[in-house]
Amino acid sequence: MIVKTEEELTALKEIGYICALTRDTMQAETKPGITTKELDDIAKELFEKNGALSAPIHDEKFPGQTCISVNEEVAHGIPGKRKILEGDLVNIDVSALKNGYYADTGISFVVGESDNPLKQKVCDVALEAFDAAMTRVKVGGKLSQIGKAVHATARKNDLTVIKNLTGHGVGQSLHEAPSHVMNYYDPKDKTLLKEGTVIAVEPFISSKATFVTEGKNEWAFETKDKSFVAQIEHTVIVTKDGPVLTTKID
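What this report covers is the structure whose coordinates are included nearby. Bear in mind the structure is a predicted one, so any value in this text is a computation, not a measurement. (Residues numbered from 1 in each chain as written. Predicted model: local features only at pLDDT ≥ 70, side-chain atom pairs only at ≥ 80, totals over all residues. Heavy atoms only, no water.)

### Things to note about the overall build of the protein
For the protein, the helix and strand inventory stands at 5 helices and 14 strands. At 17 Å, the protein has a C-alpha radius of gyration in line with the 18 Å of a compact globule built from 250 residues. Every one of the 250 residues in the protein was classed for burial, and the buried ones make up 56%. For the protein, contacts bridging at least 24 residues in sequence account for 68% of all contacts bridging at least 6. Within the structure as shown, the protein displays about 11,400 Å² of accessible surface, and the carbon and sulfur contribution to it stands at 52%. Positive and negative charge centroids in the protein, built from 30 and 37 side chains respectively, lie 5 Å apart. (Helix = DSSP H or I, 4+ residues; strand = E, 2+ residues; numbered from the N terminus. Rg over C-alpha atoms; globule rule 2.2 N^0.38 Å. Buried < 20%, exposed > 50% of the residue type's maximum accessible area, 1.4 Å probe, protein only. Contact = heavy atoms within 4.5 Å. Areas by Shrake-Rupley, 256 points an atom, 1.4 Å probe, with all protein chains shown as cover. Lys, Arg positive; Asp, Glu negative; His and termini not counted. Charge placed at Lys NZ, Arg CZ, Asp CG, Glu CD.)

### Thoughts on helix 4 (residues 117-134)
Taking 1.5 Å as the rise per residue, helix 4 with 18 residues should run 26 Å; its terminal C-alpha atoms sit 26 Å apart, in good agreement. Buried within helix 4 are the following residues: Lys 119, Val 122, Cys 123, Val 125, Ala 126, Ala 129, Phe 130, Ala 132, Ala 133 and Met 134. At the N-terminal boundary of helix 4, the capping side chain belongs to Asn 116, with an oxygen 3.0 Å from the backbone nitrogen of Leu 118. (Expected span 1.5 Å × (residues − 1). Polar contact = N/O pair within 3.5 Å; in protein donor to acceptor, adjacent residues only side chain to side chain.)

### Remarks on the sheet that holds strand 3 (residues 73-75)
Pairing is antiparallel in the open sheet, where 3 strands are placed in the order 3-12-11. On the outer flanks of this sheet lie strand 3 and strand 11 (213-214), each paired with one strand and no other. Note: strand 3 against strand 12 (residues 221-222), 2 bridges, orientation antiparallel. Residue pairing across strands places Glu 73 opposite Glu 222, the latter belonging to strand 12. (Pairing = 2+ DSSP bridges.)

### Comments concerning the pattern of salt bridges
Evaluated as defined, the whole model comprises 10 salt bridges. For Asp 24, the salt bridge identified is with Arg 23, shortest N-O distance 2.8 Å. Asp 24 gets classed as partly exposed once you look at its relative accessible area, which sits at 30%. According to the relative accessible area criterion, Arg 23 is buried, its value standing at 6%. (Salt bridge = Lys/Arg side-chain N within 4 Å of Asp/Glu carboxyl O.)

### Let's talk about the packing of helix 1 (residues 6-28) against helix 2 (residues 36-49)
Geometry of a packed helix pair, given as the angle between the helix axes and the separation of the axes. In the contact formed by helix 1 and helix 2, the axes pass within 9 Å of each other and the chain directions differ by 150°. Judged on the interaxial angle alone, helix 2 and helix 1 are roughly antiparallel. Crossing angle aside, the handedness with which helix 1 passes helix 2 is right-handed. For the pair helix 1 and helix 2, the contacting residues are Ile 18, Leu 21, Thr 22, Thr 25 and Met 26 in the first and Leu 39, Asp 40, Ile 42, Ala 43, Leu 46 and Phe 47 in the second. The residue inventory of the contact of helix 1 with helix 2, partitioned by class, reads 8 nonpolar, 2 polar and 1 charged. (Axes fitted to C-alpha atoms, helices over the stretch in contact; angles between N-to-C directions. Parallel < 35°, antiparallel > 145°, perpendicular 65-115°, else oblique. Left-handed = near helix turned anticlockwise from the far one by under 90°. Nonpolar A, V, L, I, M, F, W, Y, C, P; charged D, E, K, R; others polar.)

Set out below in structure tokens:
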């Protein structure tokens, strides 16, 4: 999507705030003993309160308001009876729509204390990689520079990126052009960032793996070697004044 009017910008910021509020509330409530279904119910309540609809349900018929992935799950984990434990690596991915406009955001974090420092490291580096990516978001800049920054950050920290999970365009649907925002440098991608372009940027940083495969059900993705993976995702608007993150609450 290319933002062309103030009305569109206002609508994108509104749904971005709703998704950010939902993500942050769910993270705050992620404590040992809570089930992923109970966390997902928080999203349902907040969506209904704010007049939003779950994008995974609306667009994909996903069996949950949000995607909640734990430990071996990397993405698209289905909320259910699974209880969160101390030291779990959790990813919460929230996407929703209101009045025809979408936002998409996600965060990975460790619950309480973990005996494996790699879990926190992939989370920290995912955030560092996202911040590095934002320095490349400029009107007229190359889309491929985002992936270059993400991959360089991973390598600097002796970690890897997941190559078959990518960011994407977003705005008037959950997935639109550009179809891929890579987490590594693709020299063949000559796409330039235009003013008003809306993209979901989402580095996936891993302790070792570079690809994910289908997991325990038709939705979830996992790593074959059980590597840890963390994701940070925001909906980003390209502007002359730099990136505007609709899903970040200051």
